[in-house]
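Notes for the structure review
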Amino acid sequence: MYQVDRTSSVPVHLAAWSPTMDLLALSYESGEVSVVRACMTWQVVWNVREEEESVVEGLVWRADGKVLAVSYHGVMNLYNVEGGALIHSSLSEDPVTAWCSVPMGPTSSHPHMPPTPTYLPPLEDVKTDILTTRALLETRKDLNIMLMSDREQSCVKLAAQGVLLLCEVGVAGVVTAGLTADARELCVISNSA
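All values reported here derive from a predicted model rather than from experimental measurement.

As a further point, take the confidence of the model for the chain. In the predicted model, the chain carries a mean pLDDT of 75, and 73% of its residues have values of at least 70. Predicted confidence is poor over residues 113-121, with pLDDT under 50, and the contacts of this stretch with residues over four places away or in other chains come to 13 contacts. Long-range and interchain partners of residues 123-131, a stretch whose pLDDT sits below 50, account for eight contacts in this model, where long-range means more than four residues apart.

Put into structure tokens, the structure is as follows:
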């Protein structure tokens, strides 16, 4: 690890605090992403950079703080907080906006959601790049829903665990979006009248 130079003139483009740890994800105009320990030392935990110089369009932590989603133009990458290993990459023209967590299973107090076995079927073996996604899904006790906003086509997309597209909702002039804690309502801030 090394120190963040606090006198550096490199402008920070986006920043996102980890919801569970003392980590801060920073993206720079060069497209580089750094995760730093946001305490007295400001040590860099890890860095990643796209092969082509791309501006980061979205930077969001999963609710448990174990995965960081980074949206570049046309690509969305998921990085493990432990060392910054790339755990999933997919084509996505839409920048990530939010990543919400919805409790699942018998402990869920939501009256309209049956226990997990009937709400989501068990995963079958898939012979694609989703094998790492299987591990992400099977170890979860909650449903993580990633929201991506398409500002040009005016819609919000919802994806389970950040990789499985659930739906698209047409909304004009999307600025940002989020879900309520029980996932019953989609909240959208729009700049249209």
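Counted under the stated rule, the structure contains four salt bridges. The residue Arg49 makes a salt bridge to Glu32 at a minimum N-O spacing of 3.2 Å. Of this pair, Arg49 sits in the loop between β5 (43-48) and β6 (56-61) while Glu32 sits in the loop between β3 (23-28) and β4 (33-37), and the two are 17 residues apart along the sequence. Residue Asp64 is joined to Arg62 by a salt bridge in which the shortest nitrogen-to-oxygen separation is 2.8 Å. For the pair formed by Asp64 and Arg62, the shared burial category is buried.

What follows deals with the pairing of strand β7 (residues 67-72). In terms of burial, β7 is largely enclosed, as six of its six residues are buried. Two elements, β6 and β7, share five bridges in a ladder whose sense is antiparallel. Bridging across to β7, Val56 finds its partner in Tyr72. Hairpin geometry of β6 and β7 is characterised by an intervening segment of five residues between the two adjacent antiparallel strands and by a positive phi of about 75° at Gly65. The pairing of β7 with strand β8 (residues 74-80) spans six bridges and is classified as antiparallel. Following the sheet pairing, Ala69 is matched in β8 by Leu78. In textbook terms, the turn of a hairpin is the stretch between consecutive antiparallel strands, and for β7 and β8 this stretch comprises one residue.

Let us look at the nonpolar core. Formed by 15 residues in total, the largest nonpolar core has its most connected members in Val33, Val35, Leu59, Trp61, Leu68, Val70 and Tyr72. Listing elements by their share of this core, those giving two or more residues are β3, β4, β5, β6 and β7. Filtering out sequence-adjacent residues up to four positions away, Val35 remains in contact with Leu23, Leu24, Ala25, Gln43, Val44, Val45, Trp46, Trp61 and Leu68. Of all hydrophobic cores here, the second largest spans 13 residues; its members include Leu143, Val156, Val171 and Leu179.

The next point concerns the packing of aromatic side chains. Counted by the stated rule, this structure contains one aromatic pair. Taken together, a centroid distance of 5.8 Å and an interplanar angle of 45° make the contact between Trp46 and Tyr79 tilted. Residue Trp46 is found in strand β5, and its partner Tyr79 is found in strand β8; the two are separated by 33 residues along the sequence. With respect to burial, Trp46 and Tyr79 carry one shared label: buried.

Here is what the cut-offs are and how they apply
Residues numbered from 1 in each chain as written. Predicted model: local features only at pLDDT ≥ 70, side-chain atom pairs only at ≥ 80, totals over all residues. Heavy atoms only, no water. pLDDT = per-residue confidence, 0-100. Contact = heavy atoms within 4.5 Å. Salt bridge = Lys/Arg side-chain N within 4 Å of Asp/Glu carboxyl O. Helix = DSSP H or I, 4+ residues; strand = E, 2+ residues; numbered from the N terminus. Buried < 20%, exposed > 50% of the residue type's maximum accessible area, 1.4 Å probe, protein only. Pairing = 2+ DSSP bridges. Core = buried A, V, L, I, M, F, W, Y, C linked by side-chain atoms within 4.5 Å. Phe/Tyr/Trp six-rings, centres within 6.5 Å; stacked < 30°, edge-to-face > 60°.

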